[in-house]
Amino acid sequence: MLDDHGDFRTHFVREPAGLRHHPALVLNADFRPLSYYPLSLWPWQEAIKAVVLDRVQIIAEYDEVVRSQKEAIRIPSVVVLKDFVKPQKRVAFTRFNLFLRDEFCCQYCGARGDLTFDHVVPRSRGGVTSWENVVAACSPCNLKKANKSLRNSGLRLRRPPRQPTTEEMHAVGRRFPPNFLHESWMDYLYWDTELDS
Ligand SMILES: [Zn+2]
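Fair warning: this is a prediction, and the values are worked out from it, not measured in the lab.

Right, let's get into the layout of surface pockets. For the second largest pocket, the calculated volume is near 300 Å³. Considering the residues around the second largest pocket, the lining is formed by 14 residues, among which Arg101, Arg159, Arg162, Glu168 and Val172 are closest to the centre. The dominant element in the lining of the second largest pocket, judged by the number of residues it contributes, is helix α5 (residues 166-173), at three residues. Here the residues of the lining of the second largest pocket are counted per class, giving six nonpolar, one polar and seven charged.

In structure tokens, the structure reads:
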């Protein structure tokens, strides 16, 4: 994971199940989380490896200790990268990111369950698969829309779909924090920040 900066972003702990795995919050050199969704968390083994390789500085630690042959190291709970990793400018067009952009709710009726993807301009009418033409839609709305144009479907989009910026994705990601947060991470996370400004 640590050989390539590009990989810093992709191998995070998705389900920090309590303290069992002692994940470390990874901050960029500007002290902001490398990623909000998923939150940039490394398994403790990766965090220790990064410390040994001098890639990160330890900001906070757990009480627990791991022992190597030579020494005992307290497990880091927050680490900051020594070299700044440039945020990705372009948000990858993936199913997951599309759901995240749409905040996991149907863009027609706002329902949160049973989500699918809908082409606003149907593929049968030449609609392409792009940020601008695909939205999260619940199954009932998807069925209702079928191959109709938006106008003929009687449905209305809550907002025009477009390519999100990295900042927008961070803002949405902050609304979906993992269900475990260690107290030492709180100074670096701003879940309660006003996002609508
Ligand atoms: Zn719907």
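One open sheet holds the four strands; their spatial order is β2-β1-β4-β3, and the pairing between them is mixed. Of all strands in the sheet, those bounded by a partner on one side alone are β2 (41-42) and β3 (56-67). By the bridge criterion, two bridges tie strand β1 (residues 24-27) to β2 in an arrangement that is antiparallel. Within β2, the residue paired with Ala24 across the bridge is Trp42.

Our next topic: the confidence of the model for the protein. Per-residue confidence for the protein gives a mean pLDDT of 84; residues scoring 70 or more make up 86%. Scored below 50 in pLDDT, residues 1-7 shows 14 contacts in the model against residues more than four places distant or in partner chains. Considering only residues more than four positions removed or in separate chains, one finds that residues 192-197, a stretch of pLDDT under 50, has five contacts.

It is worth spelling out the packing of aromatic side chains at this point. Within this structure, the stated rule accounts for four aromatic pairs. Aromatic side chains Phe93 and Trp131 sit 5.0 Å apart centroid to centroid with 65 degrees between the ring planes, which places their arrangement in the edge-to-face category. You can see Phe93 sitting in the loop between β4 (72-81) and α2 (95-101) and its partner Trp131 sitting in the loop between β5 (115-119) and β6 (134-138), a full 38 residues away along the chain. A residue is classified by how much of its surface remains accessible, and Trp131, at 5% relative accessible area, is buried. Aromatic pair Phe99 and Phe117: ring centres 4.5 Å apart, planes at 15 degrees, arrangement stacked. Taken together, the residues Phe99 in helix α2 and Phe117 in strand β5 connect sequence positions 18 residues apart.

Right, let's talk about unusual backbone geometry for a bit. Here the phi dihedral of Glu103 falls at roughly 55 degrees; this positive angle occurs in a residue that is not glycine. Its place among the elements puts Glu103 in the loop between α2 and β5. By relative accessible area, which is 16% here, Glu103 ends up buried. With a phi close to 55 degrees, Phe104 is a non-glycine residue in the positive phi region.

Glu46, Ala47, Ile48 and Ala50 are the residues of helix α1 (residues 44-52) that are buried. Those residues of α1 that are buried lie in contact with β1, β2, β3 and β4. Asp54, located one to two residues past α1, shows a positive phi value of around 65 degrees.

With that settled, consider the pattern of salt bridges. The tally for this structure, following the rule as stated, stands at 10 salt bridges. Asp54 is the partner of Lys82 in a salt bridge, and the nearest nitrogen-oxygen pair spans 2.5 Å. With Lys82 in the loop between β4 and α2 and Asp54 in the loop between α1 and β3, the pair connects residues that are 28 residues apart, well separated along the chain. Residue class for Asp54 comes out partly exposed when judged on its relative accessible area of 48%. Salt-bridge contacts for Arg74 lead to Asp63; the nearest nitrogen and oxygen are separated by 3.5 Å. Of this pair, Arg74 sits in strand β4 while Asp63 sits in strand β3, and the two are 11 residues apart along the sequence. Using a relative accessible area of 35% as the deciding quantity, one classes Arg74 as partly exposed. Beyond isolated ion pairs, a larger network of salt bridges with shared partners links Glu61, Asp63 and Arg74.

Criteria and cut-off values
Residues numbered from 1 in each chain as written. Predicted model: local features only at pLDDT ≥ 70, side-chain atom pairs only at ≥ 80, totals over all residues. Heavy atoms only, no water. 1 Å grid on protein atoms, 1.4 Å probe; cavity = no way out; pocket = protein on both sides within 12 Å on 5 of 7 lines; lining within 4 Å. Points joined across faces, edges and corners; volume = space filled by probe spheres on them. Helix = DSSP H or I, 4+ residues; strand = E, 2+ residues; numbered from the N terminus. Nonpolar A, V, L, I, M, F, W, Y, C, P; charged D, E, K, R; others polar. Pairing = 2+ DSSP bridges. pLDDT = per-residue confidence, 0-100. Contact = heavy atoms within 4.5 Å. Phe/Tyr/Trp six-rings, centres within 6.5 Å; stacked < 30°, edge-to-face > 60°. Buried < 20%, exposed > 50% of the residue type's maximum accessible area, 1.4 Å probe, protein only. Salt bridge = Lys/Arg side-chain N within 4 Å of Asp/Glu carboxyl O.

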